[in-house]
Amino acid sequence: MYTRASASDWNDFKQPSWTAKDLPLMKHLETYQKPVNNDTHGYNGPIAISNGGSVTALAQDFLHTSDAVGIPFSDDLQDSNTSHTSEIWAKYINRHTGRCSGTATAYIHSVMDTQSNLYLCTNAHINHIIFKDNKAIGVAYIPMHNRMHGGKLVETIVKGRKCVVLSSGMLGMPQILERSGMGNKELLKKLDIKVVSDLLGVGEEYQDHYTMLLRRWCLVYHVSNESQTLDNFLWGVPKVQCELFQEWEVSPEKVHLSSNAINARFKICPTKEELKEMGPELNKFWDKYFKDKPDKPVMFGSIVSGAYVDHTLLPPRKYITMFQYLEYLASHGKIHIQLQSPYKELFFNSGFMNNKADFVPIRWSYKPSVDIDIKTVKELQPDGLSVGIYMGTWHQPGEQYDALKVHESIKYSAEDDMAINNWISGSCFHLLLSHVSVDE
Ligand SMILES: Cc1cc2nc3c(=O)[nH]c(=O)nc-3n(C[C@H](O)[C@H](O)[C@H](O)COP(=O)(O)OP(=O)(O)OC[C@H]3O[C@@H](n4cnc5c(N)ncnc54)[C@H](O)[C@@H]3O)c2cc1C
């Protein structure tokens, strides 16, 4: 899914030439295939960005309902500045071919096709960086499975003439840095690693964005059988699979499979009044991330036109799934090596929900989200409602829309809040792909 950081996220790095206005590559990498009224996107880059082949009517209903509860529709929620609106959610999919557009095709295979100076070595595990007088000059790697040489760690060394760039992700990076002598010097000394740079932050402040979704299937709803969802395809109904694949081959630019059925989303921020209600638990967290930074959303929510669960577990009907993410976390974890060898067990604590402040925004956003879900589903049954929002215009309204009709918000008691907290502690997941109870 096409997702860009807020401008203030870049500025928060507090690094010269890494501020939002210094980042032309954000534009250069993309060929933006949606109409838009700002100049924050690029049109000649190798990564194509579009809405995919189709936007379901369910997604349009979701946008319409979001608007009714005070989250207005926008052409572009990815301009790095907008934070409290909804949009048709773009993907890294080329509008013309209906195929995924990503790093491998844009920057690796396409370059290797035409140039001889890019060599790709797969199944290679970087052990550490090689330094000369504290300047990185290369890396030492070993085969990923290391079955040769009787299992001994025999390294291959690659040297760089100009610079060494590491991009081994948020879990791989701290390990390589620590094995290379960059990290907390006390830890490095304990592991008998020569200190190149005493950097306290390496391996600290691990974060993910928490997703509220599956547990007890709270946010998977049954919708009418006429609705357009991916469920029959995901169940493997042969006729539907055959039709959709055929459509995809013949006209990839306008078919259902040129999308993943995640078509709409919103980002939200609390009003001043809501912020007051959210209480002191949130204050420190709020001051750290959000104060004077209106471009930062607190939560985002989205709809999937289909059940985002194991279909073998569901009765054969049609579904929508609603999910929400917490965008910035008070909870932090850590990851550190425990021995020099790259094959030894790590210390990893995800820190999942270890700060109570994270409950507050999730609980707050649960309420409008459920409101939107219920109203979307209510409106869909029995006859359905499609409002025709497409590419940023309201060009094809359905029957006269009465926002008041769906505007009775649910009232929550303290007991309800407690129940939502319990649900949060049992349903959050993302990278770890399972829930972690706060009591554990
Ligand atoms: C379930 C999930 C869904 C997501 N969905 C989206 C989305 O819809 N939109 C979006 O924008 N972002 C999404 N993200 C986030 C996005 O995938 C990451 O932010 C992004 O991939 C980070 O890129 P990276 O290059 O920094 O690291 P990575 O993509 O993690 O790449 C690091 C690579 O380094 C390799 N590596 C690690 N250690 C070593 C070593 N010692 N030697 C050699 N190789 C090593 C790893 O195997 C990996 O291939 C999602 C993430 C997850 C987990």
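Because the structure is a prediction, the values reported are computed rather than measured. (Residues numbered from 1 in each chain as written. Predicted model: local features only at pLDDT ≥ 70, side-chain atom pairs only at ≥ 80, totals over all residues.)

Colleague: How should the sheet that holds strand S6 (residues 156–159) be read in this particular structure?
Modeller: Sheet strands pair by backbone hydrogen bonding; their relative direction is either parallel or antiparallel. With antiparallel pairing, 3 strands are arranged side by side in an open sheet as S4-S5-S6. The open sheet has two edge strands, strand S4 (124–132) and S6, and neither has a second partner. Strand-to-strand, the axes of this sheet are offset by a mean angle of 30 degrees, without reference to chain direction. (Pairing = 2+ DSSP bridges. Helix = DSSP H or I, 4+ residues; strand = E, 2+ residues; numbered from the N terminus. Axes fitted to C-alpha atoms, helices over the stretch in contact; angles between N-to-C directions.)

Colleague: What's the story with the environment of Met299 in this structure? I'm lost.
Modeller: Note on placement: Met299 falls in strand S12 (residues 299–304). The buried category is assigned to Met299, around which 24 C-beta atoms lie within 10 Å. Note: C-alpha distance between Met299 and Phe266 (33 residues apart in sequence) is 8.4 Å. Not counting chain neighbours up to four residues away, the residues in contact with Met299 comprise Ile268, Gln324, Tyr325, Leu326, Glu327, Pro361 and Ser365. (Buried ≥ 20, exposed ≤ 12 C-beta atoms within 10 Å, placed from the backbone. Contact = placed C-beta atoms within 7 Å.)

Colleague: Can you help me understand unusual backbone geometry in this one?
Modeller: A negative phi angle is the norm for most residues apart from glycine, just as the trans form is the norm for most peptide bonds. One non-glycine residue with positive phi stands out, namely Lys14, at about 55 degrees. Structurally, the position occupied by Lys14 is in the loop between helix H1 (7–12) and helix H2 (25–28). One non-glycine residue, Ala261, lies in positive phi territory at about 70 degrees. Tracing the sequence through the fold places Ala261 in the loop between helix H8 (238–250) and strand S11 (262–268). Residue classification places Ala261 among the buried residues on the basis of 25 C-beta atoms within 10 Å.

The values are spatial; any link to function lies outside them.
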